[in-house]
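Report on the structure
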Amino acid sequence: MLGIFKKLVNAPKELNSPASFSSYNKPKLTHEILRDFMSCNSSNAFSMSFGNDALLAYAPSNKPSIHQRLFSGLDNIYCVFVGSLHNLSNLNKQYGLSKGTNEALFIIEAYRTLRDRGPYPADQVLKELEGSFGFVIYDNKDGTVFVASGSNGKIGLFWGIAADGSVVISENLELIKASCAKSFAPFPTGCMFHSEHGLMSFEHPTRKMKAMPRIDSEGVMCGANFNVDSQSRIPMMPRVGSEANWATWG
């Protein structure tokens, strides 16, 4: 999977390393990153551009794996999903969806339901997902981005900053390294990111996230790891009416 978002996403400032433009390998522009993605994947790979704001690219797995790659789009909401949900059948029943609904389409349906009328916060919904997963949602109607990575760490996502300041997200570490130079890091497991509300842990939604500088083998700062700050606490506000949706963060 590949997601590139310009202007829509304000990534944590700690992700951007000043060493990127002084390193041997410079960060790349969007069209260069997409070219690299398409060239290293099968002929079935494809991409979708949404003006200058967003780009999603997807390629099915080249070899058998328990972790599937899926792409779905519905009502101007698009999802790229990697992994599998063990309780998908129960989740589909819970949301009134058909048995054939796959993980990517389920994520879209859950996102849409909770965005529009759901009574539960996003962290509670993500806690109900059993299995290994990483996904990127782009809501073209609202111009928002939603990213999450499962807590068991079996699906690794990475994010970084491209040459033009765009945020790049992929499960392909080598692609992220080549695209973002020193400005990249693992996307924290058990966490979610919303383009309007930032990064938070869905495992510990009342705790703030803390950036820890990453130092690479050359002794150069390389983005930052983000961990739950056990000493912090986010004040909880009551969730009322239509405001109680996936855009509600604690």
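What comes next concerns the included structure. (Residues numbered from 1 in each chain as written. Predicted model: local features only at pLDDT ≥ 70, side-chain atom pairs only at ≥ 80, totals over all residues. Heavy atoms only, no water.)

1. Looking at the overall build of the protein chain
- Helix and strand counts for the protein chain come out as five helices and 14 strands.
- Structurally, the protein chain occupies a C-alpha span of about 50 × 50 × 35 Å along its principal axes.
- With 250 residues in all, the protein chain has 50% of them scored as buried.
- In the protein chain, the share of contacts with a sequence separation of at least 24, taken over all contacts with a separation of at least 6, comes to 62%.
- Total accessible area on the protein chain is roughly 11,800 Å²; 49% of this is exposed by carbon and sulfur atoms.
- The positive charge centre, built from 24 side chains, and the negative charge centre, built from 22, are 3 Å apart in the protein chain. (Helix = DSSP H or I, 4+ residues; strand = E, 2+ residues; numbered from the N terminus. Buried < 20%, exposed > 50% of the residue type's maximum accessible area, 1.4 Å probe, protein only. Contact = heavy atoms within 4.5 Å. Areas by Shrake-Rupley, 256 points an atom, 1.4 Å probe, with all protein chains shown as cover. Lys, Arg positive; Asp, Glu negative; His and termini not counted. Charge placed at Lys NZ, Arg CZ, Asp CG, Glu CD.)

2. Focus: helix H5 (residues 173-180)
- Along H5, the residues classified as buried are Leu 175, Ile 176, Ser 179 and Cys 180. Buried residues of H5, seen end-on, are gathered within an arc of 100 degrees and therefore sit on one face of the element.
- Against the buried residues of H5 lie strand E1 (2-5), helix H1 (30-39), strand E8 (158-161), strand E9 (167-170) and strand E10 (184-186).
- Its side-chain oxygen placed 3.1 Å from the backbone nitrogen of Glu 174, Asn 172 serves as the N-cap of H5. (Arc of directions from axis to C-beta. Polar contact = N/O pair within 3.5 Å; in protein donor to acceptor, adjacent residues only side chain to side chain.)

3. Quick look at the sheet that holds strand E5 (residues 77-85)
- With antiparallel pairing, the six strands of this open sheet are ordered in space as E4-E5-E6-E7-E11-E12. Of all strands in the sheet, those with a lone pairing partner are strand E4 (68-74) and strand E12 (198-201), marking the two edges. Neighbouring strand axes in the sheet, compared pairwise and without regard to direction, differ in orientation by 15 degrees on average.
- The strands touched by helix H3 (residues 103-116) within the sheet are E4, E5, strand E6 (131-139) and strand E7 (144-149), with E5 carrying the most contacts at an inclination of about 125 degrees. (Pairing = 2+ DSSP bridges. Axes fitted to C-alpha atoms, helices over the stretch in contact; angles between N-to-C directions.)

4. Quick word on the pairing of E6
- Most of E6 sits inside the fold, with nine of its nine residues counted as buried.
- Burial along E6 is two-sided: the face carrying Gly 131, Phe 133, Phe 135, Ile 137 and Asp 139 and the face carrying Ser 132, Gly 134, Val 136 and Tyr 138 are both buried.
- Pairing of E5 with E6, which is carried by nine bridges, proceeds in the antiparallel orientation. Each residue of the ladder has a partner; that of Val 80, found in E6, is Val 136.
- Sheet topology note: the E6/E7 ladder contains six bridges and is antiparallel. Looking at the pairing, Phe 135 lines up with Ala 148 of E7.
- Linking two consecutive strands that pair antiparallel, namely E6 and E7, is a turn of four residues; a positive phi of about 65 degrees is found at Gly 143 within it.

5. Examining the pattern of salt bridges
- This structure, assessed with the given rule, holds 10 salt bridges.
- Residue Asp 75 is joined to Arg 112 by a salt bridge in which the shortest nitrogen-to-oxygen separation is 2.1 Å. One end of the pair, Asp 75, is in the loop between E4 and E5; the other, Arg 112, is in helix H3, with 37 residues separating them in the sequence.
- Here Arg 112 falls in the partly exposed class, since its relative accessible area comes to 22%.
- Salt bridges sharing common partners tie together Arg 115, Asp 116, Asp 139 and Asp 142. (Salt bridge = Lys/Arg side-chain N within 4 Å of Asp/Glu carboxyl O.)

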